[in-house]
Amino acid sequence: MAILEIASGILFAPFFCILFLIILLASFGKSFGIRRLYVELLVKLFEYGRANIESAIKRKDSSSDCASDSEDETDHDKEKSVDHVVDNLEIPKKNGLIKKVSSNGNIGNGNGNSVISKESLILVPDKTISANVNQSNDKESPILQNNNNDEQIISDKDSKLNDFKLDDCLEYVKSGMEAIIEDDVTSRFQAEELKNWNLLTRTNRGYEFISWRLTVLWVIGFLIRYLFLMPLRVIICFIGVGWMVVAFTLVGFIPFEDLRIWMNNKVSLVAHRIIIRSLSASIVVHNEEYQPKSCGFCVANHTSPIDVAILSADCTYSLIGQRHGGFLGILQRALGRASPHIWFERAEAKDRSAVAARLRQHVSDPKNPPILIFPEGTCINNTSVMQFKKGSFEVGGVIYPVAIKYDARFGDAFWNSSKDSMLQYLYMMMTSWAIVCDVWYLPPMYREEGESAIDFANRVKSVIAKQGGLIDLVWDGQLKRMKAKKEWKEIQQEKFAERLKGD
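Residues numbered from 1 in each chain as written. Predicted model: local features only at pLDDT ≥ 70, side-chain atom pairs only at ≥ 80, totals over all residues. Heavy atoms only, no water.

K.L.:
Looking at this structure, I do not really get helix α14 (residues 453–468). What am I missing?
P.N.:
Given 3.6 residues to a turn, an α-helix orients residues that are three or four positions apart in the same direction. Look at α14: 23 Å from first C-alpha to last across 16 residues, which is about the 22 Å you get at 1.5 Å a residue. Along α14, the residues that are buried comprise Ala453, Ile454, Phe456, Ala457, Val460, Lys461, Ile464, Ala465 and Gly468. An end-on view of α14 places all buried positions within 170 degrees of arc, on one side of the element. With its phi angle positive at about 65 degrees, Gly469 sits one or two positions after the end of α14. (Helix = DSSP H or I, 4+ residues; strand = E, 2+ residues; numbered from the N terminus. Expected span 1.5 Å × (residues − 1). Buried < 20%, exposed > 50% of the residue type's maximum accessible area, 1.4 Å probe, protein only. Arc of directions from axis to C-beta.)

K.L.:
Looking at this structure, how should I read the environment of Ser294?
P.N.:
Mapped onto the fold, Ser294 is located in the loop between β3 (281–286) and β4 (297–300). As for Ser294 and Ile371, which are separated by 77 residues in sequence, their C-alpha atoms are 9.6 Å apart. When residues no more than four places from it in sequence are discounted, the contact partners of Ser294 are Asn368, Pro369, Pro370 and Tyr400. (Contact = heavy atoms within 4.5 Å.)

K.L.:
Sorry, what's going on with the side chain of Ser304 here?
P.N.:
Take Ser304: it is sitting in the loop between β4 and α8 (306–312). A polar atom in the side chain of Ser304 sits 2.3 Å from the side chain of Tyr425. Residues contacting Ser304, with those up to four places away along its chain left out, are Cys379, Ala413 and Tyr425. (Polar contact = N/O pair within 3.5 Å; in protein donor to acceptor, adjacent residues only side chain to side chain.)

K.L.:
Help me understand the packing of helix α6 (residues 212–251) against helix α7 (residues 257–277) in this model?
P.N.:
The axes of two packed helices give the description: the angle between them and the distance between them. Across the interface, α6 lies against α7 with an axial gap of 8 Å and an inter-helix angle of 170 degrees. As the angle between them shows, α6 and α7 are arranged roughly antiparallel. Counting all contacts with α6, which are made through Ile236, Gly240, Val241, Trp243, Met244, Ala247, Phe248 and Val251, the residues of α7 involved are Arg260, Met263, Asn264, Val267, Ser268, Val270, Ala271, His272, Ile274, Ile275 and Arg277. Counted by class, the contact of α6 with α7 contains 13 nonpolar, four polar and two charged residues. (Axes fitted to C-alpha atoms, helices over the stretch in contact; angles between N-to-C directions. Parallel < 35°, antiparallel > 145°, perpendicular 65-115°, else oblique. Nonpolar A, V, L, I, M, F, W, Y, C, P; charged D, E, K, R; others polar.)

K.L.:
Sorry if this is basic, but what is going on with α7 here?
P.N.:
The terminal C-alpha atoms of α7, which comprises 21 residues, lie 30 Å apart, in line with the 30 Å expected from a rise of 1.5 Å per residue. For α7, the full list of buried residues reads Asn264, Val267, Ser268, Leu269, Val270, Ala271, His272, Ile274, Ile275, Ile276 and Arg277.

Here's what the structure looks like:
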């Protein structure tokens, strides 16, 4: 006990000195560059782990070759050929990702690879049908559409309307089998596979005991993450959230509007900077000259709830969302006192006209900060950008596009809300190595004359996807929680029926 007391006394002072220094630097938006050096060290450790995995697999292969020396030379050559094929086999997984097992132990994410070659795609409504369904539903365009840049989309086959053949139905069978083998939708709602192991057992199990060097490295990393980083991060996070609630509540009592707006900006920046420090976030910002400066809409791709904190660490935004109870409700009321955020009741949020009216009222006042919106409506695994809801693009005003790209090697920021609760997600974030991402502010965009809200939304989405190196898809992100709508299926049934009728 005496030894433990002495040890705790020795560690107590440095721990809280580090805590105080982190909060102080975060409050002023400054850094000593320690996080950057920390990230560079992690990259070297991951590379060292990859080299150990590669050498361990080579030793295993050589030992197996020695055991087969007594076999016939011809059989031996055949076995090596088979081993070579197996070592480089691409295995399709249920979530649509491709797990590539190679001789160096790397695992590919499969996002840029294809198991099958989709030479022709059916069950793909054209843009006109997509737009019509989009305008007649609260949800966006039909899901029965694929939008890979390197694939040719065939929407209908008018040339075959009067020349139907029985084997035409095989195209539908083929498309269904292709969707089962390689699903471009559900794979976007699963964590991204890594090419190299990042010393986290939640990503690729089995590598921590492949060699004694990796075992020692993994154990040391485990102790650092759970005994030092996690307690430190939890304390910083509580301080940031507590500061947010108290400070915003006090700012709300300031009677002078200009002073209240100025104080709200300062308090918001400090609070969100402290929160992102609790995740050891290392953020590289590009094109700061395009940061939102006034009222309008800041539109970004959505990967995680921490997207809000990452963007709010540089600029103040108004938020829009459903009104909640409990602690989240306390936080919403505190935010609402200090700044003009938009909170809806559940029944009111379904009234599109009421929502549009409040949005127009907000963006019409130049004193209001821009509204931060994630038009996808759900979290995507940061490999693609899915369909944008058209609501914010109908209101009018300036759109500030923002692209966010996370580096999954250090910690997967994607929140799979269908699998993990918010508490589980925060636990994984607090025990990851770090959150590393790039943020690109893009030039403001305006709706052109005669351009529909859907076309404008797709244009903004395309710009964000191109800048972030993401795949531009037209699938509705709500497929994460719902099945294909009946009317979407009926569109394809009607088109096939027309082909059956013939002349």
